[in-house]
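Coordinates in review
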Amino acid sequence: QPGEAVTSVQFAKLISSSVDWLVTMDPHLHRWHGLSDIYEIPTKVAHAASAMAACIAREVDKPLLIGPDSESRQWVSEMAGLANADYVVLSKTRHGDRDVEITLQDLGRWSDHTPVIVDDTISTASTMVAATHLVLKQGLPPPVCCAIHAIFAGDAYSALRKAGAARIVTTNTIAHASNCIDISTTLAEAVRSIHP
């Protein structure tokens, strides 16, 4: 909107003026091709897909990965390939922070699979809650909800549990009780690549 700041640009200017380099894990880059578009310092993006896929393959019987929206198709398909699993992608329309409308195709052919709803961030959990309701409405088992960044604003964690998630699993980018996927090695390798 006119007069509003593009916060990613302002944040990048602030960080670029304060540090020599930046390594981060799976940032939101929906409006940019890469961090170098807005940062003036050397940057590196590390990815959690391999660690998440390994966890899913190891701990979930017959997983069906469910991505939150069309923007997630690329990384959800990569994770599904790594986990040797099928995947589908939701159709999502966001009307506000806590107002999300999603649709999910008929999952009948995967009725004997365990749904694994994956997203990069769980903040308000509105997308995961809505997806969990849709999965259960179709008669599938309670889903495993899996994300990279465990923000869990307000009552998001309890809302997701109440929605019927069988398990909530996140990486340790943000300390939380749901952390069980360790990405420290991946992050360390990214740091070494930019700052040997």
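The model shown is predicted, which means the values in this text are computed figures rather than measured ones.

Glancing now at the packing of aromatic side chains. Applying the stated criterion to the full structure yields one aromatic pair. Centroid distance Phe152 to Tyr157: 5.2 Å. Interplanar angle 85 degrees. Geometry classified as edge-to-face. By relative accessible area, Tyr157 is classed as partly exposed at 24%.

Ile66, Leu107, Ile122 and Leu160 are the most contacted members of the largest nonpolar core, which totals 26 residues. When residues of this core are traced back to their parent elements, those giving at least two are β3 (63–67), β7 (114–122), α4 (126–137), β8 (144–150) and α5 (156–163). Here this core gets five residues from one element, more than from any other, and that element is α4. Excluding residues within four positions of it along the chain, Ile122 makes contact with Met128, Ala147, His149, Ala150, Ile151, Phe152, Leu160 and Ile168. Judged by nonpolar contacts, the second largest core, of 25 residues, contains Met25, Ile56, Val118 and Val169.

Moving on, we get to the packing of helix α2 (residues 49–59) against helix α3 (residues 73–83). Two elements in contact, α2 and α3, have axes separated by 8 Å at closest approach and are oriented at 45 degrees. Of the possible angle classes, the one that applies to α2 and α3 is oblique. Of the two possible hands of crossing, α2 and α3 adopt the one that is right-handed. Contacts between α2 and α3 pair Ala49, Ser50, Met52, Ala53, Ile56 and Ala57 from the former with Glu78, Met79, Leu82 and Ala83 from the latter. Among the residues forming the contact of α2 with α3, the class breakdown is eight nonpolar, one polar and one charged.

Rules used in this analysis
- Residues numbered from 1 in each chain as written.
- Predicted model: local features only at pLDDT ≥ 70, side-chain atom pairs only at ≥ 80, totals over all residues.
- Heavy atoms only, no water.
- Phe/Tyr/Trp six-rings, centres within 6.5 Å; stacked < 30°, edge-to-face > 60°.
- Buried < 20%, exposed > 50% of the residue type's maximum accessible area, 1.4 Å probe, protein only.
- Core = buried A, V, L, I, M, F, W, Y, C linked by side-chain atoms within 4.5 Å.
- Helix = DSSP H or I, 4+ residues; strand = E, 2+ residues; numbered from the N terminus.
- Contact = heavy atoms within 4.5 Å.
- Axes fitted to C-alpha atoms, helices over the stretch in contact; angles between N-to-C directions.
- Parallel < 35°, antiparallel > 145°, perpendicular 65-115°, else oblique.
- Left-handed = near helix turned anticlockwise from the far one by under 90°.
- Nonpolar A, V, L, I, M, F, W, Y, C, P; charged D, E, K, R; others polar.

Function cannot be read off these values alone, since they describe shape.
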